[in-house]
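Coordinates in review
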Amino acid sequence: MLANSLRTGPDERGRFGLYGGRFVAETLMPCILELEAAYEEAKRDPAFQAEFDSFLADYVGRPSPLYFAERLTAELGGAKIYLKRDELNHTGAHKINNCIGQILLARRMGKKRIIAETGAGQHGVATATVCARFGLDCVIYMGERDIERQQPNVFRMRLLGAEVRPVRSGSRTLKDAMNEALRDWVTNVETTFYLIGSVAGPHPYPAMVRDFQSVIGREAKAQMLEKEGRLPDVLVAAVGGGSNAMGLFHPFLDDGSVRLIAVEAAGEGLDTGLHAAAMLRGRPGILHGSRSYLLQDEDGQVIEPHSISAGLDYPGIGPEHSWLKDIGRLEVTAATDREALDAFRLLARLEGILPALEPAHALAATAKLAPGLSKDTLLVVNLCGRGDKDIYTVARHLGVEL
Amino acid sequence: MTTRIEQRFAALRAEGRAGLVTFLVAGDPDIPTFERLLDGLPAAGADLIEIGMPFSDPMADGPVIQAGNLRALAHGVTLARTLEIVRRFRGRDQTTPLVLMGYYNPIWAYGRLRFLDEAVSAGVDGLIVVDLPPEEDEELCLPALERGLDFVRLATPTTDARRLPTVLRNVRGFLYYVSLTGITGVKEAAAEQVAPQLDRIRKHTDLPIAVGFGIKTPEQAAAIARIADAAVVGSALVAEVAAHLDSEGKPRGGLVAAVHDKVRALAHAVREARR
């Protein structure tokens, strides 16, 4: 273990500096400790790793390509832009990587019932998919508002045999879906495995989800070395909870020359109060089992976030991101709804790719950043999801009726 | 020095009966109505008073208490105002133990040591913080104990023999046994399932044990009072508050009396349970 490595966290209490931890009700503690022990054991078991790798290759379709976006690069006139194409995965997003890992773990632990929360529906679809594949019961909690704006994914989950339970409490989005999933878990703790979709929640979830998603960064590193003979200079990824970003960034944490840029959802604008920029506009707080940057008012009440992208519409962020931001390893920027929509259309026209609205935020930040960088700068955008699910939302914002 | 909570449980033991712990959300449905509710609880038969500190995301609570939290927040109830309510109550009642229950983030945002100091001076006797398991004792539990505040912990059906000593380690005041796996106010507690669990826990501790989650009726409270040191009733009282609101959420006449009547019925059942 490198004494000065940034990749050794969390500590045994699940902390990344001030952040992380296990802030959950006692009912869940034995279960979380059991999960941690099972995961530690699985991690050391070569058979588990081999099975994970095999499903990633033959079921998910990995490795995902690292694609040189030639026309986008020419249009922006600066850095050489590569897209890490996790939108080509089975189910259309990076979420499936983590779902494969956790479902194999759930099976190993003998759990028969899987619950999950979902925002955009990508994690819900990925969870429903692996539950179908492994023959496990599946209940997906989804905010009523997200159900309205992500109808295709709701139908997909139902086709895959999952029960989608609408959540009507609070802002009726991702945070409330997670509250409701936690309430289910606490009620059915003996039989149920909670398949968390982001690098959030109590320890060991942030570390475990990161480990399963790190395949993105490991591939990108090898692919860039092969194509360009050196490491990339800049990595850009959108962050809601932060799993696609952490998956890309983590293998590069100790490569000090590589800039890591997280893009938060600025919604209608960072100073309008209608955004989901936890790191740029939040303060450290405790929600959903861990301490991290959190959108909250002066009294510690959680503020309802806003983003055009259901997957970024979350008031918190994974604890490891918060720590990396505080120590200066992570740069944080933001893109508005409008900028994300522009980037969505830009990529569609220039590269023939419809990005999901989540990575459209990363593309929007890239569109601002890349022109100022030299042409030999190697920049990777994590294209973590495809935009088919978002065409209704995009159409509505463009004033088109489908 | 014995605390108000210890004194109350000693007195209950001397009387040979269990206690009734009532739960309401601070400032629900509004602060003046809540203070009238609070003031009448001891006379109606509450032996210990538990007050919820409102939070936007009460993960361990069912729909009834969630709604109570949101009503209080809509009326501008903050942690500072909750402490003011306690301070005023303590000016009028120096004997009834009062426990604040809630979630960690509002306390963390307030400043945890500032909160503890002000809670002590306001006359709070104990704290229950749902999302602080023993693994996070350094956050709040240990500094609370240093200041003489009791820290009440939840034990649950999933707290097995191996874990129980960890859960009991820094508890003071009483242990709160959660009668079922789940959230507040949804399922119903079954005394015959709780009894063996209490026997198991009593082998490890002399602390009084209060049992809560899923106790709604006087009959259920009586059944729990026969086996536990106290029965906790929350959702049923918060539901009574909700039932006496008009379509705009304003309290109708009779709200305070209805809640106190409910408490009286529960207290009567608890007091008669072992006779």
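Scroll up a little and you will see the structure.
Predicted model only: the values in this text are computed from it and were never measured.

What counts and how
- Residues numbered from 1 in each chain as written.
- Chains lettered and ligands numbered in written order.
- Predicted model: local features only at pLDDT ≥ 70, side-chain atom pairs only at ≥ 80, totals over all residues.
- Heavy atoms only, no water.
- Contact = heavy atoms within 4.5 Å.
- Buried area = accessible area lost by both parts, 1.4 Å probe.
- Salt bridge = Lys/Arg side-chain N within 4 Å of Asp/Glu carboxyl O.
- Polar contact = N/O pair within 3.5 Å; in protein donor to acceptor, adjacent residues only side chain to side chain.
- Helix = DSSP H or I, 4+ residues; strand = E, 2+ residues; numbered from the N terminus.
- Nonpolar A, V, L, I, M, F, W, Y, C, P; charged D, E, K, R; others polar.
- Buried < 20%, exposed > 50% of the residue type's maximum accessible area, 1.4 Å probe, protein only.
- Expected span 1.5 Å × (residues − 1).
- Right-handed = clockwise from strand over helix to strand, strands pointing away.
- Pairing = 2+ DSSP bridges.

With respect to the interface of chain A and chain B
Counting residues at the interface gives 38 residues for chain A, matched by 35 residues for chain B. For the pair chain A and chain B, the two sides together bury roughly 2,900 Å², of which 51% comes from carbon and sulfur. Contact with chain B buries surface across chain A, with A:Glu26, A:Arg183 and A:Gln301 losing the most and accounting together for 23% of the total. Where chain A packs against chain B, one counts six salt bridges. The salt bridge partner of A:Glu26 is B:Arg163, with a shortest N-O separation of 2.6 Å. Linking chain A to chain B there are 21 residue pairs in polar contact (both at pLDDT 80 or more). Elements with a minimum of two residues in the side of chain A that touches chain B: β2 (19-23), α1 (29-43), α8 (174-187), β11 (283-287) and β12 (289-294) of chain A. Examining the composition of the side of chain A that touches chain B, we find that eight residues originate from one element, α8(A), more than from any other. Taken together, the residues of the side of chain A that touches chain B sort by class into 15 nonpolar, ten polar and 13 charged.

What to know about the pattern of salt bridges
In this structure the tally under the stated criterion is 54 salt bridges over all chains. A salt bridge links A:Arg113 to A:Asp184, with the nearest nitrogen and oxygen atoms 2.8 Å apart. A residue pair is termed long-range when its members are at least 10 positions apart, and A:Arg113 in strand β5 (residues 113-118) and A:Asp184 in helix α8 qualify at 71 residues. You'll find A:Arg113 and A:Asp184 in the same group, each marked buried. A single salt-bridge network, built from bridges that share partners, covers A:Arg13, A:Arg15, A:Arg291, B:Glu136 and B:Glu139.

Describing helix α12 (residues 255-272) of chain B
Residues and elements named next belong to chain B. With 18 residues, α12 extends 26 Å between its outermost C-alpha atoms, agreeing within 8% with the 26 Å of an ideal straight helix rising 1.5 Å per residue. What α12 keeps buried is the set Leu255, Val256, Ala258, Val259, His260, Val263, Leu266, Ala267, Ala269 and Val270. Packing partners of the buried residues in α12 comprise β1 (19-25), α2 (31-44), α10 (218-225), β9 (230-233) and α11 (235-243).

Section: the pairing of β5(A)
Residues and elements named next belong to chain A. The buried count for β5 comes to six of six residues, which makes it a mostly enclosed element. Of the two faces of β5, the one holding Arg113, Ile115 and Glu117 and the one holding Ile114, Ala116 and Thr118 are both buried throughout. Each parallel crossover has a hand, and the one from β5 via helix α5 (residues 122-134) to strand β6 (residues 137-143) is right-handed. In this sheet, strand β8 (residues 192-194) lies alongside β5 in parallel orientation, the contact comprising three bridges. Considered in β8, the bridge of arginine 113 is made with threonine 192.

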